[in-house]
Amino acid sequence: MITDDSVTLGLGPKALIMVFFTAAVGVLLVVLGYALGTYAEILTAELMRMIGG
């Protein structure tokens, strides 16, 4: 996080909220993507095991 007062004041509260919101959405998407990828991997492994016997 940027703790420089001049930068914070320069951005303003609205810009800070936008930056924070964008960062939060980005993190959420990364976590969701990772979870879905892991789930798909497990599911695929299970299916292959079932088909393979």
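Every chain is numbered on its own, with residues counted from 1 as its sequence reads. Side-chain atom pairs in this predicted model are given and counted only at pLDDT of 80 or more, local residue features only at pLDDT of at least 70, and totals for whole chains, interfaces and linings cover all residues. Each side-chain value is derived from all of the structure's non-hydrogen atoms; neither hydrogens nor water enter the calculation.

Trainee: Would you mind showing me how to read the overall build of the chain here?
Mentor: Scanning the chain from N- to C-terminus turns up two helices and zero strands. Surface accessibility in these figures is a Shrake-Rupley result with a 1.4 Å probe; residues are shielded only by whichever protein chains are displayed. Accessible surface computed for the chain: about 5,000 Å², of which carbon and sulfur atoms make up 78%. The secondary structure listing takes helices from DSSP runs of H or I that are at least 4 residues long and strands from runs of E that are at least 2 residues long, numbered from the N terminus.

Trainee: Help me out: how do you make sense of the pattern of salt bridges in this one?
Mentor: Note that side chains of opposite charge can pair when their charged atoms are close. Put simply, a salt bridge is a Lys or Arg side-chain nitrogen that is within 4 Å of an Asp or Glu carboxyl oxygen. With the rule as written, the count across this model stands at one salt bridge. Arg49 is paired through a salt bridge with Glu46; the nearest N and O atoms lie 2.9 Å apart. One end of the pair, Arg49, and the other, Glu46, are both in helix 2 (residues 13-52), three residues apart, so they sit about a helical turn from each other.

Trainee: Teacher, can you tell me more about a nonpolar patch on the surface here?
Mentor: In this scheme, patches are assembled from residues that exceed 30% relative accessible area and form no salt bridge. Like charges are connected within 9 Å, while nonpolar side chains (Val, Leu, Ile, Met, Phe, Trp, Tyr) are connected within 5 Å. Nonpolar side chains collect at one region of the surface, where Phe21, Val25 and Leu29 lie side by side and expose about 300 Å² of accessible area between them. Residue placement: Leu29 occurs in helix 2. Residue exposure (1.4 Å probe, protein chains only): buried if accessible area is under 20% of the type maximum, exposed if over 50%, otherwise partly exposed. Under the relative-accessibility criterion, Leu29 is labelled exposed at 56%.

Trainee: Help me understand helix 2, please; the structure alone is not making it clear to me.
Mentor: Three- or four-residue spacings in an α-helix give side chains the same orientation, since the helix completes a turn every 3.6 residues. Here the expected length of a helix is defined as 1.5 Å per residue gap, with one fewer gap than residues. Taking 1.5 Å as the rise per residue, helix 2 with 40 residues should run 58 Å; its terminal C-alpha atoms sit 58 Å apart, in good agreement. When you tally the buried positions in helix 2, you get zero out of 40 residues, a small fraction of the element.

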